[in-house]
Structures are given as structure tokens and as C-alpha cells.
Amino acid sequence: MKRNILTCALGASLALMFSAGATPSQAGSPDANRVLVKFKHGNKAPVQAALRGAHATIHYSFDDIDTFAATVPAAALNGLRHNPNIEYIEADQIRNPTAQTVPYGIDLVQARDVWDADRDGAIDAGAPTGNGIMVCVIDSGIHAGHEDFAGVNIVGGFPAGQWNFDNCGHGTHVAGTIAAANNGIGVVGVSPGKVSMFFVKVFGDQNEGQCAWTFSSTLIAATNRCADAGARVINMSLGGGAPTNSELKVFQNLAKRGVLSIAAAGNSGNPANSTDAYSYPASYPDVVSVAAIDSNSTLAGFSQKNDAVDLAGPGVSVLSTYPFKVPPLLSGSDSYDSIPMTNTFRGSVTAPLVSGGLCTATDASWAGKVVLCSRGSISFLAKSQNVYNSGGIAAVVSNNTAGALNGTLGANLTVIPPIPVVGITQADGQALLASHIGDATTVNTVIQSHANGYAFLSGTSMATPHVVGVAALVWSANPGWTRQQVLDALEVSAKDLGTPGYDVGYGWGLVQAKDALDELQSH
């Protein structure tokens, strides 16, 4: 439990609006011989010479914590551990990426109570907006050309030529929650396009929608770049299961420099247990650990629970910016938003629309048609198999309740039929049934990259930028406030959830922008 009186991973589920399904995956395996070598102060040169003599590859040199990050041949590790100039050697741990409408989380954290109290859609004159505060996002980069970042002060990033490209989507989604512009399109962020943002890309580009892992030493280097760029707040929607002394010291140093480091609590929660394992960097004393709640302010089952959790933020089905999208379903002269089923065939077809009811059996009349199926009775896979076995060339499944339908055909690719399968809302299904049976209908599941997409993602990764955005929003009212003053206000003013007082699920509770600002301005 971390509190001072008046610290990633794509989420558990994913649904997309105007975009295609994506799940993060690990690319390859990390090198077990990559380590962090802590040398005694003043002994950098002999340790560097020893590493080179052992044919090690040095990746980073962190002079502020007297540490090298290096890959060392296994045969040389034991000898180096006995080197009198070396204090200790620890594993370089893996860190993983932990997915105009006003998303529900914006009002849950009281963002508009600060900058649009009258709810007229315009920013109130003189209201704090996050302006003047720099936020650093350590993630998969950003699709800087997205329509919802037009006019946002994106000051730059690292590595050059890479930080502003996001083939994973995770970083772009996080950035939208923090700072999507109040421009009448898409979504709006906690800070309505007013904070300054600096990006450090640590997750490489894999296949579309896939995020790779990174090392703790890469995270250390990234945090230093954030601080050097002038960031007051760091967003880390990422994490891993083991701590390192090197990270611990770096976050201690960042706190001394006045930087507020905020990270995802982790998505490995077990609803059956009262406490879960720790995730790092969130569980270091000088890092704010953020849990995830849903739109009803209930703790998400995937959110990790432990005494390191500090605050909670909205993290279930969070709508934000995304660099991928799928063209809408077209029927006659109308268009409808659709979500491709997970693992569906990627392609585009056009054919007359036919009603298939629940699609619980085959029907020869579906041959060469796009078949509209209602949700229920059997699985999405079984419905699509019946359509394919009848000669149908696409399946459109309408929901049987309000809201978007984000379905899956399962992971067994050998049984998934080679036709595009998408989900649509119940209302759109009813509209198609009433007005478009027999009309030429186009179903397209081909991803468009670097697009103005939007997605619903879930995870503590999505909760974290809500807290980051609130911190920046509040801090902008008086940049002279200290890191500790802002943190204390966030914790003291948090909306208590769960059992009264602090608990391992919600921490001190749901972050509240207006109440935190009032707390700061009352002293």
C-alpha cells in the first residue's frame, strides 16, 4: 500500500469500431543472458573492460545508477559475479504492452467537470486543460497523423523516424485517452487536446495489431529520455512479473526529479483470490499503480489486486483512437459499422443480402449470397460453417441485445470457413432485415492501416492513461505544485470504492479530477 498523506499490457478483451481485431503477441524469445550489471561507484571503467573481455555486448550505460545493460555469454556470467568491482548482476526482465463521442471514462474521472462544466461542448474560458504540462508515453509509438491528434502539441519522440509509427495500436489508443482533441470528431481525451506529448517507442512493429515485448533496460532508458525531454508525468501501460533493483533506483531518482510515474497494475487478476502477484514497474514504491474498473465502477476481473495498487481508472471497453479500421458494411445506399469476428477470413465480397434467421441449419437458397444471421442458439463458428456449407459467401451476425457485437470464431483455424464474418448491432440488423433484403451488400474485413480508426479496448493499460490525464489536467492549474502535492491530492480525493477505505483492488479509489483540483486549491 503506497500513500503519502497531505505506484502494461494490452487488456483482457478487445472490440473495435471501424477497425479490425488485434491481439498482442510476443515475438520470439528473450535472451536469457541479457543482464543488468551494477558496478561499485567509481568502478565503471574496469567493469566495462571486464565485460568487453568476456565478449559481452553492452546495450546501455546508466551512469546515474552505476549500471550496464549487457548480453553476456553464459560461460562468463559466473566469473563476473565474483568480480570485486561488481555489486550484483540481475536479469534484464521483460516488459510487455499491458486496447465526436465522449467515452464513459471521461466523465467518470470528472474531466469535463474541470474544463466543460456547463456541458456545452466548448472548453470553459480560463479552465485548466492540461496546457503547459508534458506527458511522456512509453509504448508502441503513435499514429501521429490520426484525425483526433490534429492540433495536439506532439513535441517529438524516440527513436527518430520510428516513434510516430504505430503498427501495434496500443500506444495510439493510450494517447487518445490522454489527449484526443475536442474537435467535433471521434472522441475526446481527459485533457482535450491540450497537453504536450512526447513518445518513446519501446515495442517494435510486428504484424498489424501485434505488440512485442521489451527489456527492463529499454524501459529504464525510455524513462530517462522522458525526464530529459521535460515530462512531468510518464504513462507506462506495460509491465512484467519480476522486479529489478535497477528499475527501482531509476524510479526513485525520477521521483526526486519531480516526475510522476504512473503504470498499469497488470491484467493477471484472479477473481477467486483476495490478492494477486505484483507487476512491475507499477509495484515499485515510487510508481503509481492503476487498477481497472468498468462503466459501473466495478473492479474488472482481470485487474491485479495487491497492496501496491494506488488508484483506479476506467479500463473496460474504453473507446479511443486506433490506427486501423475496416470499411463499413454497405447495403443499398446505406452503410453500417461492423466488427470482424476474431480469426475471420480477410477479404471483401459483394452479393445480394438474404435472411438466415438464427442460421442453425444449412439452406441451399443461401448459395452465392451474403447471409444475415441473428445471434443465439449456436456459436458464431457454427453459424458461419452453416453459411459456408450452404454456398453463402459472407455471414453478418446481428446482436440480440443493445451494443456492438465483438465475436470470435475461436482459435482452431482449420475449422474456420474461408468467408468474411462480421458482427453488427441489433438495431442495424433490424434495419437490414426491414429495408435491404435482396440488395447488393458488401462485407469487407480487410484492415486499413494508418487510418482514422477507433477501438474499444480493455485492460489496466486503458485505465492508466485516465489517471495520467487527470494528473496533467490538475497540475496545469498550477505548474508550481510539486509531484508530491499532486499525488497526495489524487489519492486523498479519490472516490472510495469497494470496502471502505483502502483496499487491494481499488487502492484509494477512482481518480477524480475536480475533487483533486479542489483539494489542491483549498491549501
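So, here is what we can say about the structure in this document. (Residues numbered from 1 in each chain as written. Predicted model: local features only at pLDDT ≥ 70, side-chain atom pairs only at ≥ 80, totals over all residues. Heavy atoms only, no water.)

**Looking at the overall build of the protein**
The secondary structure content of the protein amounts to 12 helices and 24 strands. Its C-alpha radius of gyration of 25 Å places the protein within 12% of the 24 Å reference for a compact globule of 523 residues. Across its three principal axes, the protein shows a C-alpha extent of roughly 80 × 60 × 45 Å. The 523 residues of the protein split such that 57% are buried. Summed over all atoms, the accessible surface of the protein reaches about 18,600 Å², with 50% contributed by carbon and sulfur. (Helix = DSSP H or I, 4+ residues; strand = E, 2+ residues; numbered from the N terminus. Rg over C-alpha atoms; globule rule 2.2 N^0.38 Å. Buried < 20%, exposed > 50% of the residue type's maximum accessible area, 1.4 Å probe, protein only. Areas by Shrake-Rupley, 256 points an atom, 1.4 Å probe, with all protein chains shown as cover.)

**Details of the side chain of T67**
In this fold, T67 is placed in strand β4 (residues 67–71). On the basis of relative accessibility, which here comes to 1%, the residue T67 falls in the buried class. A polar contact of 2.9 Å, which involves the side chain of T67, links it to the backbone oxygen of I65. (Polar contact = N/O pair within 3.5 Å; in protein donor to acceptor, adjacent residues only side chain to side chain.)

**Some remarks on the sheet that holds strand β23 (residues 440–444)**
The strand order across the open sheet built from eight strands is β17-β16-β23-β19-β20-β21-β22-β18, with neighbouring strands paired in mixed fashion. The sheet terminates laterally at β17 (334–336) and β18 (339–340), the two strands that pair on one side only. Relative to the sheet, helix α8 (residues 380–389) contacts β20 (370–374), β21 (394–398) and β22 (421–424), its axis offset from that of β20 by approximately 150°. Along the sheet face, helix α9 (residues 426–435) touches β16 (329–331), β17, β19 (348–355), β20, β21 and β22 and points at about 105° away from the line of β22. (Pairing = 2+ DSSP bridges. Contact = heavy atoms within 4.5 Å. Axes fitted to C-alpha atoms, helices over the stretch in contact; angles between N-to-C directions.)

**Focus: the state of the cysteines**
Overall, the coordinates contain two disulfides when judged by the stated rule. A sulfur-sulfur separation of 2.0 Å characterises the disulfide bridge that pairs C136 with C226. Residues C136 and C226 are joined through a disulfide that is left-handed, its torsion about the S-S bond being -55°. With C136 in strand β7 (residues 134–139) and C226 in helix α6 (residues 216–228), the pair connects residues that are 90 residues apart, well separated along the chain. Each of the two residues, C136 as well as C226, counts as buried. Paired through a disulfide, C359 and C373 show a sulfur-sulfur distance of 2.1 Å. (Disulfide = S-S within 2.5 Å.)

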